[in-house]
Every structure is written in C-alpha cells, then in structure tokens.
Amino acid sequence: MNQSHQKLLKLCAAAVMTAIVFVGNYLRITMPVPVGGVTSFTLANILCALAGILLGPWYGFLAAGLGSAFYDLTNPNYVAEAPITLLTKGMYGLIAGLVLYYLFKNAKEKYGAQVASAACAAVSYMLVYSIKVYYYNGMLISGFTEPVQCWAGVLSRLPATITNGVIAIIFAPILGVALMKALKSAHLDKILA
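Everything in this summary refers to the structure shown in the same document. (Residues numbered from 1 in each chain as written. Predicted model: local features only at pLDDT ≥ 70, side-chain atom pairs only at ≥ 80, totals over all residues. Heavy atoms only, no water.)

**What about the overall build of the protein chain?**
Now for step 1: When helices and strands are counted, the protein chain shows 5 helices and 2 strands.
Now for step 2: Its helices and strands in sequence order give the protein chain the pattern α-β-β-α-α-α-α, from N to C terminus.
Now for step 3: For 193 residues, the compact-globule estimate of 2.2 N^0.38 gives 16 Å, and the protein chain sits close to it at 17 Å.
Now for step 4: Along the three orthogonal principal directions, the C-alpha set of the protein chain runs to about 60 × 30 × 25 Å.
Now for step 5: In the protein chain, which comprises 193 residues, the proportion classed as buried is 46%.
Now for step 6: Within the protein chain, counting contacts between residues at least 6 apart in sequence, those at least 24 apart form 72% of the total.
Now for step 7: Between the mean site of the 12 positive side-chain charges and the mean site of the 5 negative ones, the protein chain shows a separation of 12 Å. (Helix = DSSP H or I, 4+ residues; strand = E, 2+ residues; numbered from the N terminus. Rg over C-alpha atoms; globule rule 2.2 N^0.38 Å. Buried < 20%, exposed > 50% of the residue type's maximum accessible area, 1.4 Å probe, protein only. Contact = heavy atoms within 4.5 Å. Lys, Arg positive; Asp, Glu negative; His and termini not counted. Charge placed at Lys NZ, Arg CZ, Asp CG, Glu CD.)

**Observations concerning the packing of aromatic side chains**
Now for step 1: What the rule picks out here adds up to 7 aromatic pairs.
Now for step 2: Both rings, one in Tyr92 and one in Tyr125, keep their centres 5.3 Å apart while their planes meet at 45°; by these two values the pair is tilted. In this pair, Tyr92 is assigned in helix 3 (residues 82-103) and Tyr125 in helix 4 (residues 111-141), connecting sequence segments 33 residues apart. The same class applies to Tyr92 as to Tyr125, namely buried.
Now for step 3: An aromatic cluster is present here, built from Phe22, Tyr26, Tyr71 and Tyr78 joined pairwise through their rings. (Phe/Tyr/Trp six-rings, centres within 6.5 Å; stacked < 30°, edge-to-face > 60°.)

**Section: unusual backbone geometry**
Now for step 1: Positive phi outside glycine occurs at His187, with the angle close to 60°.
Now for step 2: Looking at the element boundaries, His187 is found in the segment after helix 5 (147-185).
Now for step 3: On the accessibility criterion, His187 (63% relative accessible area) is exposed.

**Some thoughts on the pattern of salt bridges**
Now for step 1: In total, this model carries 2 salt bridges according to the counting rule given.
Now for step 2: The salt bridge partner of Glu81 is Lys132, with a shortest N-O separation of 2.9 Å. Residue Glu81 is found in the loop between helix 2 (44-74) and helix 3, and its partner Lys132 is found in helix 4; the two are separated by 51 residues along the sequence. One exposure class covers both Glu81 and Lys132, and it is buried.
Now for step 3: Between Lys184 and Glu109 there is a salt bridge, with the nearest N and O atoms lying 3.6 Å from each other. Here the residue Lys184 occupies a position in helix 5, and Glu109 occupies one in the loop between helix 3 and helix 4, the gap between them amounting to 75 residues.
Now for step 4: For Lys184, a relative accessible area of 42% corresponds to the partly exposed category.
Now for step 5: Classification of Glu109 as partly exposed rests on a relative accessible area of 37%. (Salt bridge = Lys/Arg side-chain N within 4 Å of Asp/Glu carboxyl O.)

Right, here's the structure in full:
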C-alpha cells in the first residue's frame, strides 16, 4: 500500500470517526442543575477517547473535536459553545492519542496502556471543562460576580463530569482493543496511527 493510499484511508477513518462522535453526542441524558443551566450524562466521551486511541493524537483531535462541535451546531442550547467544544473535546482525543502513541508506543494494543491514555484524557478534559464552566458559564453567561457562585456551578456539574469520565476510562479501552484486533485481522491496521 503506497503512502498516499494510506493517508487517504486514514482521512476516511477520521471522517467516519467524526460521524460516530457526532451521533454519539445524541446518546445523552440532560438534566437541570441548581446553579447555571444543565448538565448531561453522555456516551460521547467514550468516543472522543476512542478517536485518540485509534487514530492517534492529530486525527483523534479532529474527529473528537469536529464531531462534538457539529453536534453543538445542531443543538440550539449549545450552538454558541461550538468553538469551545471543538477545542475541549478535541483535546480529549489529542491527549488520549499522545499518551498512547508516545508513552506506550510499544504496547498500544494492550488494555492497560489504553486505560492509562483514556484516564489522562478524561482527567485533562475534566479540568478544562471545569475551567470553562467557571468562566464561560459562570461569569460570562450567568453573569456571576462572586467566585463562590462560579464554584457552585462547577460543583453542580461535577457528578455528571466524573461519571462521564469514569465511563470513558472503562469502555473506550474495551472498544479500542477489540477494534485494533479487528483492524489488524482485516489488514487495515495501517489506518491506525
């Protein structure tokens, strides 16, 4: 397989993963929180981590970020946040890919390595998301002027944020290991990073 064909396959895989992340964002339970709007339990974080695991950091960033941002553009509640989502969810795929393909490059098909990469991505996303909730949702959107109000917004979303992260840490590596084996047996492992 020549290099241009391999790049085309990788681009197609990233496009498919972008579509899967987009659809995965619809798998959510949205509920109001006492301070500052709504929060969601979603399966999209699994797919964002999986994008980095399968595609590596850069294509993982694109698939996770674009798929999630496209979802935001289709939902009137989130349309204004689409650029932020592109960066924060894209970072999810980026961190998962960086950890797996640079720290565990010789063991990337191992479940433990994928758990570590998904955990690093989840923790990074939780931190960045909490900062976004504090400043964007708290100060800018809700107009909170006191730090305690902004922290209340962060804390009200924390249970869903932690649950989404833990679910991604558990299930993204299960899917990652299975899909890597399937791609390898189909001789399509060249689309992986």
